[in-house]
Amino acid sequence: MDTRLTTPRSVERVLQGQATSDGAGVRLTRLLTADLQRRLDPFLMLDLFGTDNPGDYIGGFPDHPHRGFETITYMLQGRMRHRDSVGNVGLLVPGSVQWMTAGRGVIHSEMPEQEDGAMEGFQLWLNLPGRSKMRAPWYRDIASSEVPEWQGAGVTVRVIAGAAQGVSGAVQREDTEPLYLDLHLDPGAVFEQPLPATHNAFVVVYRGELTIADTPVRPRRMAILANTPDSDGVALRAGPDGARAILVAGRPLKEPIAQYGPFVMNTQQEIFQAVQDFQAGRLA
Ligand code: FE2
């Protein structure tokens, strides 16, 4: 690797998230819960769904609205069909990404396109700055083959957003500079990623085990990385069985956050307006 960190970040906390259900009874683990929205600004939510039991996912996520932020769905296993009020239709398959900017409003559904087998993936919510919350909706399906990859010794990095080792990701965002990496590490492999000290960052392990600055991180756990001044990045070392994990980081917006379910704005007045617009059919 080109990089050599001098002051890698430590782990501030390791969290196991909250078991919950959303949509029509889809069981999932909410790793980034509402109480962490300030701490992990600009990220608002992270759900991990992963099950072999169709009863846990078959209901899917029927039509529901969003306003004021972006949703990023990354599939590891299974197939989900997306349809929205803008007219976009997409199929999420393993390794693919769906990046949706709700902007001023979208109504969409995300439904399983399978009746058995495993369903596994992440949905991340990325906030938009106040001046962009009412922009036109935007949508992109990113096929697995379109996710740029970097390979080093025992390490494969899938660059969904931002950049790693000189490889630019599939999506870039100026306001929050989101970094979204999927890391595949062989047993004992080490990966280092530079990060601005002011950017909020976390790691979620979904296979094997990782060590970050002497802190072990087990599967389905989220490690919040400390924002130590002068730190220059994060170093991860895979355990004896290797590891797979996502690394997410971004520049905080430092704006007020007003949320009511699927609407995330800056003020209560804007939330009231969003609910009114939805009820009046103005989000479709
Ligand atoms: Fe949604």
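Structural notes, computed from the coordinates. (Residues numbered from 1 in each chain as written. Predicted model: local features only at pLDDT ≥ 70, side-chain atom pairs only at ≥ 80, totals over all residues. Heavy atoms only, no water.)

In this structure, Leu 46, Phe 122, Tyr 180, Phe 202 and Met 222 are the most contacted members of the largest nonpolar core, which totals 30 residues. The contacts of Tyr 180, once residues within four sequence positions are left out, are Ile 72, Tyr 74, Phe 122, Leu 124, Arg 158, Val 159, Ile 160, Ala 161, Ile 246, Leu 247 and Val 248. Membership of the second largest hydrophobic core comes to 29 residues, among which are Val 11, Val 157, Val 167 and Ala 249. (Core = buried A, V, L, I, M, F, W, Y, C linked by side-chain atoms within 4.5 Å. Buried < 20%, exposed > 50% of the residue type's maximum accessible area, 1.4 Å probe, protein only. Contact = heavy atoms within 4.5 Å.)

Taken in spatial order, the seven strands of this open sheet run β2-β3-β4-β11-β6-β9-β12, and their pairing is antiparallel. Whereas interior strands pair on both sides, the edge strands pair on one side only; in this sheet they are β2 (18-22) and β12 (138-142). For this sheet, the mean inter-axis angle between neighbouring strands, taken without regard to orientation, is 20 degrees. As defined by bridge partners, strand β3 (residues 26-32) adjoins strand β4 (residues 43-51) across three bridges and the pair is classed as antiparallel. By the bridge assignment, Thr 29 is partnered in β4 with Leu 48. (Pairing = 2+ DSSP bridges. Helix = DSSP H or I, 4+ residues; strand = E, 2+ residues; numbered from the N terminus. Axes fitted to C-alpha atoms, helices over the stretch in contact; angles between N-to-C directions.)

Surrounding the iron ion are the protein donor atoms His 64 (NE2), His 66 (NE2) and His 108 (NE2), at 2.1 to 2.2 Å. All donors to the iron ion come from one chain, and their sequence spacing reads H-x1-H-x41-H. Remark: His 108 occurs in strand β10 (residues 106-112) and His 66 occurs in strand β5 (residues 61-66); sequence separation between them is 42 residues. The exposure class of His 66 is buried, given its relative accessible area of 2%. By relative accessible area, which is 0% here, His 108 ends up buried. (Donors = N, O, S within 2.8 Å, 3.2 Å for Na, K, Ca; no water.)

On to the packing of aromatic side chains. If you walk through the whole model with that rule in mind, you get six aromatic pairs. Where Phe 43 meets Phe 202, the ring centres are 5.8 Å apart and the plane angle is 90 degrees; that geometry is what we call edge-to-face. Taken together, the residues Phe 43 in strand β4 and Phe 202 in strand β19 (residues 200-212) connect sequence positions 159 residues apart. The exposure class of Phe 43 is buried, given its relative accessible area of 1%. For Phe 202, a relative accessible area of 0% corresponds to the buried category. The ring of Trp 138 carries the charged tip of Arg 173 above its face, separated from the ring centre by 4.9 Å. (Phe/Tyr/Trp six-rings, centres within 6.5 Å; stacked < 30°, edge-to-face > 60°. Lys NZ or Arg CZ within 6 Å of the ring centre and 35° of its normal.)

Let us look at the sheet that holds β10. Pairing in this open sheet of four strands is antiparallel, and the strands run β5-β10-β7-β8 from one edge to the other. Edge strands, defined here as strands with exactly one partner in the open sheet, are β5 and β8 (89-92). Strand-to-strand twist of the sheet, defined as the mean angle between neighbouring strand axes without regard to direction, takes the value 20 degrees. Where strand β7 (residues 80-84) and β10 come together, five bridges link them in antiparallel fashion. Residue Met 80 lies in a different strand from β10, and its bridge partner there is Pro 112.

Looking now at unusual backbone geometry. At the junction of Asp 41 and Pro 42, the peptide bond is cis and its omega measures out at 15 degrees in the coordinates. Here Gln 165, not a glycine, exhibits a phi torsion of approximately 55 degrees, which is positive. Its relative accessible area of 15% is what places Gln 165 among the buried residues. One non-glycine residue with positive phi stands out, namely Asp 230, at about 75 degrees. In this fold, Asp 230 is placed in the loop between β21 (221-225) and β22 (233-250). Residue classification places Asp 230 among the exposed positions, given a relative accessible area of 68%.

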